[in-house]
Amino acid sequence: MALLIALVNIIGRGLITLTVKDSPQSQIAGMGIGASATALIIYLFSVKQNGVTNAFIYSQLCSVISTFGGIWFLHEEKSKREMTYIIIGLIFIVGGSILTSFAK
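Residues numbered from 1 in each chain as written. Predicted model: local features only at pLDDT ≥ 70, side-chain atom pairs only at ≥ 80, totals over all residues. Heavy atoms only, no water.

### Topic: a nonpolar patch on the surface
On the surface, Phe68, Ile87 and Ile91 cluster together to form a nonpolar patch covering roughly 270 Å² of accessible area. Residue position: Ile91 is located in helix α5 (residues 80–102). Among the residues examined, Ile91 registers a relative accessible area of 54% and is labelled exposed. (Patch = residues over 30% accessible without salt bridge, like charges linked within 9 Å, V, L, I, M, F, W, Y side chains within 5 Å. Areas by Shrake-Rupley, 256 points an atom, 1.4 Å probe, with all protein chains shown as cover. Salt bridge = Lys/Arg side-chain N within 4 Å of Asp/Glu carboxyl O. Helix = DSSP H or I, 4+ residues; strand = E, 2+ residues; numbered from the N terminus. Buried < 20%, exposed > 50% of the residue type's maximum accessible area, 1.4 Å probe, protein only.)

### So, the environment of Ala55
By the secondary structure assignment, Ala55 is in helix α3 (residues 52–60). Apart from the residues within four sequence positions on either side, Ala55 is in contact with Tyr43, Ser46 and Val47. (Contact = heavy atoms within 4.5 Å.)

### Topic: α3
All buried positions along α3 are accounted for by Asn54, Ala55 and Ile57. Angularly, the buried residues of α3 cover 160° about the axis, an arc narrow enough to put them on a single face. (Arc of directions from axis to C-beta.)

### Thoughts on the environment of Ser97
Considering the arrangement of structural elements, one finds Ser97 in helix α5. For Ser97, a relative accessible area of 9% corresponds to the buried category. When neighbours within four sequence positions are excluded, Ser97 is seen to be in contact with Ile57 and Leu61.

In structure tokens form, the structure reads like this:
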């Protein structure tokens with residue numbers, strides 16, 4: 001929260017200038033950032049109920065959703081080779097999350 005307050009102050013004072021594109025893609029990217037903030041809030045509330053380890057694992061699984069969501073919403077063109085590497089990487093993330101959750 002302190003980082004957000006500091007960022008708002010820096011932008012408000014004009015120390016950082018922002019350029020904004022008026023396009024649906026920028027709006028969707030903003031929703032993705034909002035989803036990341038939501039994941040952080042869920043993580044903070046989940047720590048009490050699930051413990052630090054499981055809460056961290058669940059928050060890292062948001063990267064799987066955001067990766068596919070970003071490719072789909074932003075209509076990014078990926079070659080077959082790139083998609084193969086993306087899917088393999090995401091399988092490693094999900095597999096590592098599953099193995100870590102059982103490693104207690």
